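Structural features, examined
Each chain, written out:
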Amino acid sequence: MSEQQHADDDTDSTSEKLVELAKRRGYFFQSSGAYGGVGGFYTFGPQGAALKGNVEDAWRDRFAVAEGNMEIDAPTIMPEPVFEASGHLDGFDDMLVECPECGESHRADHIVEDNTMYEDAESLEIPEVEEVIAEYELVCPSCGAGLAGQAVEDFNLMFATNIGPGDSDPGYLRPETAQGIFVEFPRLKEYARNQLPFGVTQIGRAYRNEISPRRSIIRTREFTQAELEYFIDPEVDEPDLSSVEDVEVTLYPASEQNEEDGEAFETTIGEAVDENIITDPWVAYFLGVAKPWYEAVGVDMDRFRYRQHLAGERAHYASDCWDAESEIDGNWIEMAGFAHRGNYDLSKHAEHSGDRFTIFRQYDEPQTIERATVDPDMSYLGPEFGGDAQVVVGKLEDLAARDREAFEGETVEFELEGETHEIPVEKTGFSVGEETISGEHITPHVVEPSFGVDRLVYTVLHHAYREDEVDGEDRTFLELEPEVAPTFVGVFPLQSDDDLEAQADEIVEDLREAGLSVTYDDSGNIGRRYRRQDEVGTPFCVTVDYETIEEDETTVTVRERDTTDQKRLPVDELAETLSAIRAGDLEFEEL
Ligand code: GAP
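Here the structure is a predicted model, which means the values were calculated and not measured.

1. Notes on the packing of helix H1 (residues 13–25) against helix H17 (residues 526–536)
Close contact between H1 and H17 brings their axes to 10 Å; oriented N to C, the two are set at 120 degrees. In this structure, the crossing between H1 and H17 has a hand that is left-handed. Here H1 contributes Leu-21, Arg-24 and Arg-25 to the contact with H17, which in turn contributes Arg-532, Glu-535 and Val-536. By residue class, the composition of the contact of H1 with H17 is two nonpolar, no polar and four charged.

Put into structure tokens, the structure is as follows:
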């Protein structure tokens with residue numbers, strides 16, 4: 001979790017105005033407001049839920065459907081052994097420091113980063129952070145009391161619960177949707193007909209008990225992730241980079257971040273791979289796919305970059321990671337991570353569960369190999385080891401496969417329940433023979449594009465936020481892309497009149513039948529209705545006036561949000577024309 005966004009907390013006017021607009025117009029607001037609200041939990045209102053749904057649909061179209069990947073929907077609560085295996089139980093911690101005066105909890109690494117020259121305090125050890133707090137005489141951000149001498153502790157971010165009555169079966173709310181995919185690998189590989197590579201996606205909630213949630217929906221305790229786990233054979237599978245090699249990207253590699261005057265620079269995916277700036281071609285492929293997608297949903301490309309993680313910043317499972325970052329009020333926030341997870345997760349789940357998290361790699365030609373086997377003398381092992389004789393057989397088989405030299409002396413040694421045992425080699429039936437095999441079982445590696453939907457929604461809104469003046473009046477509008485705008489068209493009868501309303505109702509019905517998202521508004525003067533739709537980012541408004549019902553060829557006024565230009569269009573062409581614009585096949589200016 002690289003977080004540079006904590007440098008400012010809602011102090012910029014655009015963010016403040018956006019958060020106010022979001023609440024007023026139904027994008028998002030702190031939940032359980034009737035009970036005083038609860039930190040880190042947000043409700044998406046009618047506009048926000050629609051925008052978020054449209055972003056998720058666009059993600060699904062690109063990363064599941066267009067790439068030919070599967071999608072699953074796993075539970076959000078998983079049993080403890082899953083997180084013992086994944087490493088989250090032991091390693092998914094943030095550094096917590098508590099104020100001795102006001103009792104507020106804070107992220108110690110954030111306090112260090114915000115007030116010292118340390119940029120990556122997360123990579124420091126706890127005693128080092130305590131030393132820095134004392135050296136710089138850092139204080140509590142809430143009340144100003146000194147924090148020197150306060151203990152810094154690891155705080156596990158997972159929400160714990162009990163599965164069923166009692167506490168014998170602990171469970172956790174998943175901190176990433178990814179684990180729901182990894183644990184089902186033994187079954188999912190069957191659906192992929194045991195063929196690598198294949199990808200599995202999931203869009204769903206993740207939960208982290210953040211020490212200090214902040215900046216509205218940027219850091220919350222419950223959020224939505226859209227993740228793709230792409231399983232590959234690292235020795236065989238290579239991506240086809242031809243479709244992404246010309247994609248232009250702004251990169252900020254670790255090497256530049258480590259230089260005092262290092263900076264992000266522009267290049268293409270192809271060049272970045274050729275010059276070894278992005279070392280893994282699969283990571284490069286997904287960065288190349290994601291960039292135009294981000295642009296299509298409305299992220300401003302002048303405020304977008306890919307930043308490589310510094311070595312100390314990477315998650316426990318990642319060997320390399322690049323973040324997609326957006327600029328918000330002068331700070332960069334992480335919207336997604338593109339990590340190479342190696343075979344960490346599948347091997348850990350294999351080790352802890354005993355299930356098969358491997359896939360069979362078929363050789364082009366059968367190969368003859370030497371194999372060491374044992375055929376132990378049970379009339380010797382039985383009396384010597386009693387009920388453990390079969391366990392000993394397993395130990396000897398493992399040892400023969402791993403370490404033939406162990407059988408070269410007179411006796412062979414192995415561990416059983418913490419004790420070292422020794423038996424004569426002649427009793428093991430050890431031998432080395434030749435075998436012809438057609439393939440081997442390998443543990444696939446995983447490349448993971450992991451998108452945070454809430455941070456993307458925030459970015460899309462922030463980058464779309466505009467203020468201008470229309471007819472001498474100040475106007476606020478959201479220049480949302482038609483593909484994601486919650487409502488595509490607003491329909492208004494010019495004034496309260498049965499005939500106008502009847503015609504407007506008919507138009508609403510037609511447009512909805514064409515699959516467009518439509519809102520009907522007959523309250524207030526027409527200027528106010530335009531402003532209302534501008535503020536929620538509705539790209540077009542249609543006004544039904546007296547000309548509409550009096551003319552032979554009925555026409556309506558169609559107004560475009562960004563330019564406020566108006567054109568008259570025949571009613572019977574309206575659905576077709578607006579659908580073509582929505583699909584990107586026609587521009588309003590062409591009408
Ligand atoms: N499976 C990998 C993974 O979870 P991550 O970088 O911890 O990686 C991925 O999370 C994305 O999830 C982040 O880039 C961010 O967009 C989002 N995210 C993480 N923590 C979040 C939080 N507390 N609130 C909102 N979004 C969050």
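2. Structural notes on the confidence of the model for the protein chain
Detailed reading of predicted coordinates is not advised where the pLDDT is low. Chain-level pLDDT for the protein chain is 94 on average; 98% of the residues reach the 70-or-more range. Confidence drops under a pLDDT of 50 for residues 1–11, and excluding neighbours within four residues, the segment shows 47 contacts in the predicted structure.

3. Description of the side chain of Lys-291
Tracing the backbone through its elements, the reader meets Lys-291 in helix H11 (residues 281–297). No salt bridge is formed by the buried Lys-291; the nearest opposite charge belongs to Glu-295, separated by 5.2 Å.

4. As for unusual backbone geometry
Of note, the amide linkage connecting Leu-196 to Pro-197 takes the cis form, showing an omega dihedral of -10 degrees. Summarising the element assignment, Pro-197 is placed in the loop between helix H8 (185–191) and strand E10 (198–207). Non-glycine residue Glu-137 carries a positive phi angle of around 50 degrees. Considering the arrangement of structural elements, one finds Glu-137 in the loop between helix H6 (126–135) and strand E7 (152–156). Judged by its relative accessible area of 64%, Glu-137 falls in the exposed class. With phi around 50 degrees, Arg-193 is a residue other than glycine that occupies positive phi space. Relative to the helices and strands, Arg-193 resides in the loop between H8 and E10. Given a relative accessible area of 65%, Arg-193 falls into the exposed group.

5. Brief notes about the site of the ligand
Residues in close proximity to the ligand total 20 residues, the closest being Glu-176, Glu-210, Thr-220, Glu-227 and Glu-334. Separating a nitrogen atom of the ligand from a side-chain N or O atom of Glu-176 is a distance of 2.5 Å. Of all elements in the fold, only strand E11 (222–232), strand E16 (331–342) and strand E21 (445–452) reach the threshold of two or more residues within the shell around the ligand. A per-element tally of the shell around the ligand places E16 first, with five residues. Here the shell around the ligand is composed, by residue class, of six nonpolar, five polar and nine charged.

6. Examining the nonpolar core
In this structure, Tyr-27, Trp-293, Tyr-294, Tyr-306, Phe-338 and Phe-451 are the most contacted members of the largest nonpolar core, which totals 65 residues. For this core, the leading source of residues is H11, giving eleven residues. Residues in contact with Phe-338, not counting those within four places in the same chain, are Val-283, Phe-286, Leu-287, Ala-290, Tyr-306, Asp-320, Cys-321, Trp-322, Ala-324, Glu-448, Pro-449 and Phe-451.

7. Points about the pattern of salt bridges
Evaluated as defined, the whole model comprises 36 salt bridges. Notably, a salt bridge pairs Arg-305 with Glu-325, separated by 2.7 Å at the nearest N-O pair. With Arg-305 in strand E14 (residues 304–308) and Glu-325 in strand E15 (residues 320–328), this residue pair connects regions lying 20 residues apart in the sequence. Classification of Arg-305 by relative accessible area gives buried; the value is 8%. With a closest N to O distance of 3.9 Å, Arg-531 and Glu-473 form a salt bridge. Of this pair, Arg-531 sits in helix H17 while Glu-473 is found in strand E23 (residues 473–478), placing the two residues 58 residues apart along the sequence. Residue classification places Arg-531 among the buried residues on the basis of a relative accessible area of 18%. Using a relative accessible area of 47% as the deciding quantity, one classes Glu-473 as partly exposed. Salt bridges sharing partners connect three or more residues here, namely Arg-305, Arg-307, Glu-313, Asp-323 and Glu-325.

Analysis parameters
- Residues numbered from 1 in each chain as written.
- Predicted model: local features only at pLDDT ≥ 70, side-chain atom pairs only at ≥ 80, totals over all residues.
- Heavy atoms only, no water.
- Axes fitted to C-alpha atoms, helices over the stretch in contact; angles between N-to-C directions.
- Helix = DSSP H or I, 4+ residues; strand = E, 2+ residues; numbered from the N terminus.
- Left-handed = near helix turned anticlockwise from the far one by under 90°.
- Contact = heavy atoms within 4.5 Å.
- Nonpolar A, V, L, I, M, F, W, Y, C, P; charged D, E, K, R; others polar.
- pLDDT = per-residue confidence, 0-100.
- Buried < 20%, exposed > 50% of the residue type's maximum accessible area, 1.4 Å probe, protein only.
- Lys, Arg positive; Asp, Glu negative; His and termini not counted.
- Salt bridge = Lys/Arg side-chain N within 4 Å of Asp/Glu carboxyl O.
- Near = heavy atom within 4 Å.
- Polar contact = N/O pair within 3.5 Å; in protein donor to acceptor, adjacent residues only side chain to side chain.
- Core = buried A, V, L, I, M, F, W, Y, C linked by side-chain atoms within 4.5 Å.

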